[in-house]
Structure formats: structure tokens, C-alpha cells
Amino acid sequence: MEQALNAWLAAHPDIEAIPGRDLFIVARYLIPMEATLMQGCLEASGIPAVLADAHLMQADLLLAPALGGVRILVPASFVQQAQSVMEAFKRGEFALDEDSDVG
């Protein structure tokens, strides 16, 4: 399985490993609320996701570009699923229609 993951990661250079940890950076956001929204979508899909540097970015948004923004981290075993969920989000599959009864 590790070999398959390594091959997949080679095809997705935007996914970064955290050295010495079993975590991968699957996304970066300059706006903390956008990162929180994506984290919620990942967790709703059963993927454990953690935000890194969110509080730092909220304290001073001018630091966001210099520090690389808020990072979303997921365990190695969920990297491919996380990528699929993020692509579904970009396609609008998590959007609510006008008739949605949310409450």
C-alpha cells in the first residue's frame, strides 16, 4: 500500500509530507474561514483533518502570505480520500440548493 501511495503522491506534487510525522498537507488557504469550511467538509466525509496555523492567521492576516496560510493536515491513509472530497467541493457537490431546509 505504501508503494501505491508513493506513486500517487509523485503524481500530486502539491501534497506535502510533514517530516517525521504521518501527516500530509493537502491544502493551504490564506483565509482561515475557508480552511475551516474545507476541514468541516473533510470531517463530514469521515476524514480526520486538522488545521495548522489558523489562530496565527486570524491574529494577523498580513502574515498569511509570508507563512503560507492555514494548512489542512490529514493522515497518510486518508490523503487520496481528502483529495477526492476537495475536488468534489470545487465542483459544487457540497453546495446547498435554494430549497434546502437547514436548521
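Cut-offs applied
- Residues numbered from 1 in each chain as written.
- Predicted model: local features only at pLDDT ≥ 70, side-chain atom pairs only at ≥ 80, totals over all residues.
- Heavy atoms only, no water.
- Helix = DSSP H or I, 4+ residues; strand = E, 2+ residues; numbered from the N terminus.
- Buried < 20%, exposed > 50% of the residue type's maximum accessible area, 1.4 Å probe, protein only.
- Lys, Arg positive; Asp, Glu negative; His and termini not counted.
- Charge placed at Lys NZ, Arg CZ, Asp CG, Glu CD.
- Patch = residues over 30% accessible without salt bridge, like charges linked within 9 Å, V, L, I, M, F, W, Y side chains within 5 Å.
- Areas by Shrake-Rupley, 256 points an atom, 1.4 Å probe, with all protein chains shown as cover.
- Salt bridge = Lys/Arg side-chain N within 4 Å of Asp/Glu carboxyl O.
- Phe/Tyr/Trp six-rings, centres within 6.5 Å; stacked < 30°, edge-to-face > 60°.

Draft legend 1. A look at the overall build of the chain. Secondary structure summary: the chain contains five helices and four strands in total. In sequence order, the secondary structure elements of the chain are arranged as α-β-β-α-β-α-α-β-α. With respect to the three principal axes, the spread of C-alpha positions in the chain is 45 × 35 × 20 Å. The buried share of the chain, reckoned over its 103 residues, is 36%. Once the 5 positive and 14 negative side-chain charges of the chain are each reduced to a mean point, those two points are 10 Å apart.

Draft legend 2. Representation of a nonpolar patch on the surface. On the surface, a nonpolar cluster with roughly 320 Å² of combined accessible area is contributed by L30, I31 and M33. On the secondary structure map, I31 appears in the loop between β2 (23-29) and α2 (32-44). I31 sits in the partly exposed class, given a relative accessible area of 44%.

Draft legend 3. Region of the structure containing the packing of aromatic side chains. In total, this model carries one aromatic pair according to the counting rule given. Where F89 meets F94, the ring centres are 6.2 Å apart and the plane angle is 45 degrees; that geometry is what we call tilted.

Draft legend 4. Summary view of the pattern of salt bridges. Considering all chains together, one arrives at three salt bridges under this definition. Among the ionic pairs, R71 bridges to D53, the shortest N-O distance being 3.2 Å. Note that R71 is positioned in strand β4 (residues 70-75) and D53 in the loop between β3 (50-52) and α3 (54-59), a separation of 18 residues in sequence. A residue is classified by how much of its surface remains accessible, and D53, at 29% relative accessible area, is partly exposed. Put simply, R91 and E93 hold a salt bridge, and the shortest N to O gap is 2.8 Å.

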